[in-house]
Amino acid sequence: MKPLNKDLDKKKNVIEKYNSTSSFYDSRYSEIQKEKYKILFRNCNLNYKTILDAGCGTGLSIEFFSNLNINNLKKKVKYIGIDISWKMLMNFCDKSKKIKDINLILGDIENLPLRENSFNVIFSITSLQNLPVIKKGLGEIIRVGQKDSLLKLSVLRKQLKVDDLTAYLKTHTTDLKTEFLDNIEDVFIQGSLNKH
Ligand SMILES: C[S@@+](CC[C@H](N)C(=O)[O-])C[C@H]1O[C@@H](n2cnc3c(N)ncnc32)[C@H](O)[C@@H]1O
């Protein structure tokens, strides 16, 4: 079988997996995801930002933020969430009425339907490990980010080549920071995009 078909099969499986688990995703994962947001978003000021959430799922991350500071979010933040599972997005839609400037896209991180240099914060939390070719997704994230935009990523460590990933990101970022915690199965990677 050609690699392209293998990648498409992997993507189809991912879509089926998240479509079929979306109804209990929040009850099963919201507490652990919250712990990850606390780590990635400590000391993070999102005022006046255009945010991309790549693999946004049911919107737990922006929900976490809106609970922290709903007034600022309403006034100054533009949020775009993209996900490949329409059922995860439907769950997000039900919640998104609470927050004003939210746009959701059904799409693929490896082929972002977005213009280059459009965002100044990009999150991707526990999503990139699902991609057939993580560097392709990272390339897309880098393309749509502006110079100096904040990258806030967490990726499941299981079977991940962390050194490869950080070596690739180092060439596109400044202040790249990688963090591992015993009780959390993701690696946290943060930095600012270094574009000319
Ligand atoms: C573990 S969930 C994390 C969701 C959310 N970031 C959170 O913190 O709860 C992984 C998400 O990545 C999405 N995903 C997987 N592969 C994707 C792709 N190629 N493009 C866009 N989203 C993808 C899945 O549909 C799922 O919603």
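Owing to the predicted nature of the structure, the values given are computational and were not obtained by experimental measurement.

**Quick word on a nonpolar patch on the surface**
Among the surface-exposed residues, Trp86, Met90 and Leu106 lie close enough to one another that they form a single nonpolar patch of about 330 Å² accessible area. Residue position: Leu106 is located in strand β3 (residues 102–106).

**Topic: the pairing of strand β1 (residues 50–54)**
Extensive coverage of β1 is indicated by the burial of four of its five residues. In terms of strand pairing, β1 meets strand β2 (residues 78–83) through five bridges, oriented parallel. Looking at the pairing, Ile51 lines up with Tyr79 of β2. Pairing geometry for β1 and strand β4 (residues 119–125), over three bridges, is parallel. Of the residues in β4, the one forming a bridge with Leu52 is Ile122.

**Brief notes about the pairing of strand β5 (residues 145–156)**
Across six bridges, the pairing between β4 and β5 is parallel. Bridging across to β5, Ile122 finds its partner in Leu151. Note on the crossover from β4 through helix α4 (residues 134–144) to β5: the handedness is right-handed. Two strands pair when backbone bridges link them, and β5 and strand β7 (residues 186–193) are joined in this way by seven bridges, in the antiparallel orientation. Within β7, the residue paired with Val155 across the bridge is Val187.

**Quick notes on the site of the ligand**
As a matter of local geometry, the ligand sits amid 21 residues, with Tyr25, Tyr37, Gly55, Asp83 and Ile125 nearest to it. Take Gly55: an N or O atom from its main chain is 2.8 Å from a nitrogen atom of the ligand. With respect to the ligand, the backbone of Ile125 contributes an N or O atom lying 2.8 Å from a nitrogen atom. Summarising the interface, the protein chains cover 98% of the accessible area of the ligand, which totals 600 Å² for the free molecule. No other element matches helix α1 (residues 3–40), which puts five residues into the shell around the ligand.

**With respect to the sheet that holds β1**
The strand order across the open sheet formed by seven strands is β3-β2-β1-β4-β5-β7-β6, and the pairing between neighbours is mixed. Every interior strand has two partners, whereas the edge strands, β3 and β6 (173–180), have only one. The average angle at which neighbouring strand axes cross in this sheet is 15°, direction not considered. Its contacts with the sheet place helix α3 (residues 86–96) against β2 and β3, and it is angled at close to 165° to β3. Across the sheet, α4 lies against β1, β4, β5 and β7, angled at about 150° from β5, the strand it touches most.

**Some points on the confidence of the model for the protein chain**
Mean pLDDT for the protein chain: 90, with 92% of residues reaching 70 or above. Element-level pLDDT for the protein chain is lowest in helix α2 (residues 60–76), with a mean of 70, against a maximum mean of 97 in α4.

**Section: the state of the cysteines**
Tallied over the full model, the rule gives zero disulfides. A disulfide-free cysteine, Cys56 has its sulfur positioned 9.3 Å from the sulfur of Cys93, the nearest such atom. Classification of Cys93 as partly exposed rests on a relative accessible area of 32%.

**A short note on the packing of aromatic side chains**
Applying the stated criterion to the full structure yields six aromatic pairs. Look at Phe41 and Phe64: their rings are 6.4 Å apart centre to centre, the planes differ by 35°, and that puts the pair in the tilted class. Of this pair, Phe41 sits in the loop between α1 and β1 while Phe64 sits in helix α2, and the two are 23 residues apart along the sequence. You can call Phe41 buried: its relative accessible area is 6%. A relative accessible area of 12% means that Phe64 is categorised as buried.

Definitions and limits used
- Numbering of residues starts from 1 in each chain and follows the order in which that chain's sequence is written.
- This being a predicted model, a pLDDT of at least 70 is required before a residue's local features are given, and a value of 80 or more before pairs of side-chain atoms are given or counted; all residues contribute to the totals for chains, interfaces and linings.
- Side-chain numbers come from the whole structure's heavy atoms, not from hydrogens or water.
- To count toward a patch, a residue needs a relative accessible area over 30% and no salt bridge; like charges are then connected within 9 Å, while nonpolar side chains (Val, Leu, Ile, Met, Phe, Trp, Tyr) are connected within 5 Å.
- Calculation of accessible area relied on Shrake-Rupley with a 1.4 Å probe; when residues are assessed, cover is drawn exclusively from the protein chains displayed.
- Any carboxyl oxygen of Asp or Glu that lies within 4 Å of a side-chain nitrogen of Lys or Arg is treated as forming a salt bridge with it.
- The helix count covers DSSP runs of H or I at least four residues long, the strand count covers runs of E at least two residues long, and both are numbered beginning at the N terminus.
- Classification of residues uses two cut-offs on accessible area relative to the type maximum, computed with a 1.4 Å probe and protein chains only: under 20% is buried, over 50% is exposed, and between them is partly exposed.
- Strands are labelled as partners when DSSP assigns at least two bridges between them.
- When the strands point away from the viewer, a crossover counts as right-handed if the route from the first strand across the helix to the second turns clockwise.
- Nearness is defined per residue: one heavy atom within 4 Å of the molecule or strand is enough.
- Nitrogen and oxygen atoms within 3.5 Å of one another constitute a polar contact, given that in protein one can donate a hydrogen and the other can accept it, and given that sequence-neighbouring residues count only through two side-chain atoms.
- To obtain each axis, a line is fitted to C-alpha atoms, and for helices this fit is confined to the stretch in contact; angles are then taken between N-to-C directions over 0 to 180 degrees.
- Pairs of residues are marked as contacts when any of their non-hydrogen atoms sit within 4.5 Å.
- The score called pLDDT rates the predictor's confidence residue by residue, from a low of 0 to a high of 100.
- The definition used for a disulfide is geometric: two cysteine sulfur atoms within 2.5 Å.
- Only rings of Phe, Tyr and Trp enter the pairing, Trp through its six-membered ring, and a pair is recorded when the two centres are within 6.5 Å. The plane angle decides the type: under 30 degrees is stacked, over 60 is edge-to-face, the rest tilted.

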